[in-house]
Amino acid sequence: MEKKTLLLILVLLAGLANISAQQIIAHRGYWKTEGSAQNSIEALMQADAIKAYGSEVDIWLSSDGIPVVNHDAEVTLNGNKLIVQDTPFETLKQIKLANGESLPTVEKYLDAFAKCNHTKLIIEFKTHNLKEREDELARKVIDMVNERGLQKKVEYISFGINLVQQVKKLAPQASVYYLNGDITPQILSKMGLTGLDYHYNVLLKRPEWVKEAHDLGLKVNTWTVNSPEVIQQMIDLKVDFITTDEPLLVRETIQKQ
Ligand code: MG
């Protein structure tokens, strides 16, 4: 075989290997960096800087209808615990993240995200007390994404069955994944979802779900995979995405395969 042909084949094979390799999603952004914090705008920028496939973020609706970024259902302000969905934005905006940033609105977060060149934004809709509030949050956020022309750069995830269905209805072209681990790939496929995004223990218990999902044309994401042992287990299971607090460790492990 000619040297040139051999080289071409090697390049093609490397390309194929790359396609099948796992993509990395930075859980709450890439926050284990100097000057960063979970779900901060800085963590989003850091995820973009390392060219992660995605940067995940958690969102809620304030009591007066402003979509805000936060993981927990509660926040602490001046020693008082406040429930995010029961608190007006006027109060929530006083909260500082560990890196000094103010608790961001989704609007501000999307404006920052619009400047990212590499990473996608994986938006997790938190479940709320009322279906109406979940629907309001989904509608407002999808409108914000559309207004900025970011449709192709954003994907959605949720533990809430109502939320994934609402998002699918409002943004039929969007990638939407279900997080709660209790629905089979067959049913997710019938619901028209993009795939499953399950805790790694669910996939270790039901490894056949990965192949079943793939056979149905679904994608498989898993969270939150941080230890070298589990990173390897998820690579061996051939999941499509790994959501992690350790994006560089996951990348290094994938590259060693
Ligand atoms: Mg999350």
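Here's what I pulled together on the structure shown here. Source: prediction; values computed, not measured.

## Quick look at the overall build of the protein chain
Helix and strand content of the protein chain: 11 helices and 11 strands. For 257 residues, the compact-globule estimate of 2.2 N^0.38 gives 18 Å, and the protein chain sits close to it at 19 Å. Principal-axis analysis of the C-alpha atoms gives the protein chain an extent of 70 × 40 × 35 Å. A burial count over the protein chain gives 49% of its 257 residues as buried. Considering only contacts within the protein chain whose residues lie at least 6 apart along the sequence, 58% involve residues at least 24 apart. Put simply, the protein chain shows about 12,700 Å² of open surface, and 53% of that area lies on carbon and sulfur atoms. Computed over 29 positive and 33 negative side-chain charges, the separation of the two mean positions in the protein chain equals 5 Å.

## Quick look at the pairing of strand S5 (residues 80–83)
For strand S4 (residues 74–77) and S5, the ladder comprises four bridges, and the chain directions are antiparallel. Within the sheet, the bridge partner assigned to Leu77 lies in S5 and is Asn80. The loop that links S4 with its antiparallel partner S5 comprises two residues; one of these, Asn78, has a positive phi angle of about 50 degrees.

## Concerning the side chain of His128
Inspection of the secondary structure assignment puts His128 in the loop between strand S6 (120–125) and helix H5 (131–147). Classification of His128 by relative accessible area gives buried; the value is 8%. A polar contact is formed between the side chain of His128 and the backbone nitrogen of Leu61, at a distance of 3.0 Å. Engagement of the side chain of His128 in a polar contact is seen with the backbone oxygen of Lys126, the distance being 2.7 Å. What His128 contacts, discounting residues up to four positions off in sequence, is Ile59, Trp60, Leu61, Gln85, Arg133, Glu134 and Leu137.

## Concerning unusual backbone geometry
Positive phi values are uncommon outside glycine, yet Lys51 reaches one of about 60 degrees. Tracing the backbone through its elements, the reader meets Lys51 in the loop between helix H2 (41–49) and strand S2 (54–61). For Lys51, a relative accessible area of 53% gives the class exposed. We note that Lys238 has phi near 65 degrees; this positive angle belongs to a residue other than glycine. The exposure class of Lys238 is exposed, given its relative accessible area of 59%.

## Points about the pattern of salt bridges
A complete count under the given rule lists 13 salt bridges for this structure. The salt bridge partner of Lys126 is Glu124, with a shortest N-O separation of 3.0 Å. Across the pair, exposure class does not vary: Lys126 and Glu124 are buried alike. Salt bridges linked by common partners bring Arg28, Asp58, Glu124 and Lys126 together as one network.

## Side note on the packing of aromatic side chains
The final tally for this structure, using the stated rule, is six aromatic pairs. Pairing Tyr53 with Phe241 gives two aromatic rings, centres 5.0 Å apart and planes at 45 degrees, and the pair type is tilted. Within this pair, whereas Tyr53 is found in the loop between H2 and S2, its partner Phe241 is found in strand S11 (residues 241–244), the two being separated by 188 residues in sequence. The burial state of Tyr53 is the same as that of Phe241; both residues are buried. Where Tyr198 meets Trp209, the ring centres are 5.9 Å apart and the plane angle is 55 degrees; that geometry is what we call tilted. Of this pair, Tyr198 sits in strand S9 (residues 195–199) while Trp209 sits in helix H9 (residues 208–215), placing them 11 residues apart in sequence. For Tyr198, a relative accessible area of 0% puts it in the buried group. Taking relative accessible area as the criterion, Trp209 reaches 7% and is therefore assigned buried.

The rules behind these values
Residues numbered from 1 in each chain as written. Predicted model: local features only at pLDDT ≥ 70, side-chain atom pairs only at ≥ 80, totals over all residues. Heavy atoms only, no water. Helix = DSSP H or I, 4+ residues; strand = E, 2+ residues; numbered from the N terminus. Rg over C-alpha atoms; globule rule 2.2 N^0.38 Å. Buried < 20%, exposed > 50% of the residue type's maximum accessible area, 1.4 Å probe, protein only. Contact = heavy atoms within 4.5 Å. Areas by Shrake-Rupley, 256 points an atom, 1.4 Å probe, with all protein chains shown as cover. Lys, Arg positive; Asp, Glu negative; His and termini not counted. Charge placed at Lys NZ, Arg CZ, Asp CG, Glu CD. Pairing = 2+ DSSP bridges. Polar contact = N/O pair within 3.5 Å; in protein donor to acceptor, adjacent residues only side chain to side chain. Salt bridge = Lys/Arg side-chain N within 4 Å of Asp/Glu carboxyl O. Phe/Tyr/Trp six-rings, centres within 6.5 Å; stacked < 30°, edge-to-face > 60°.

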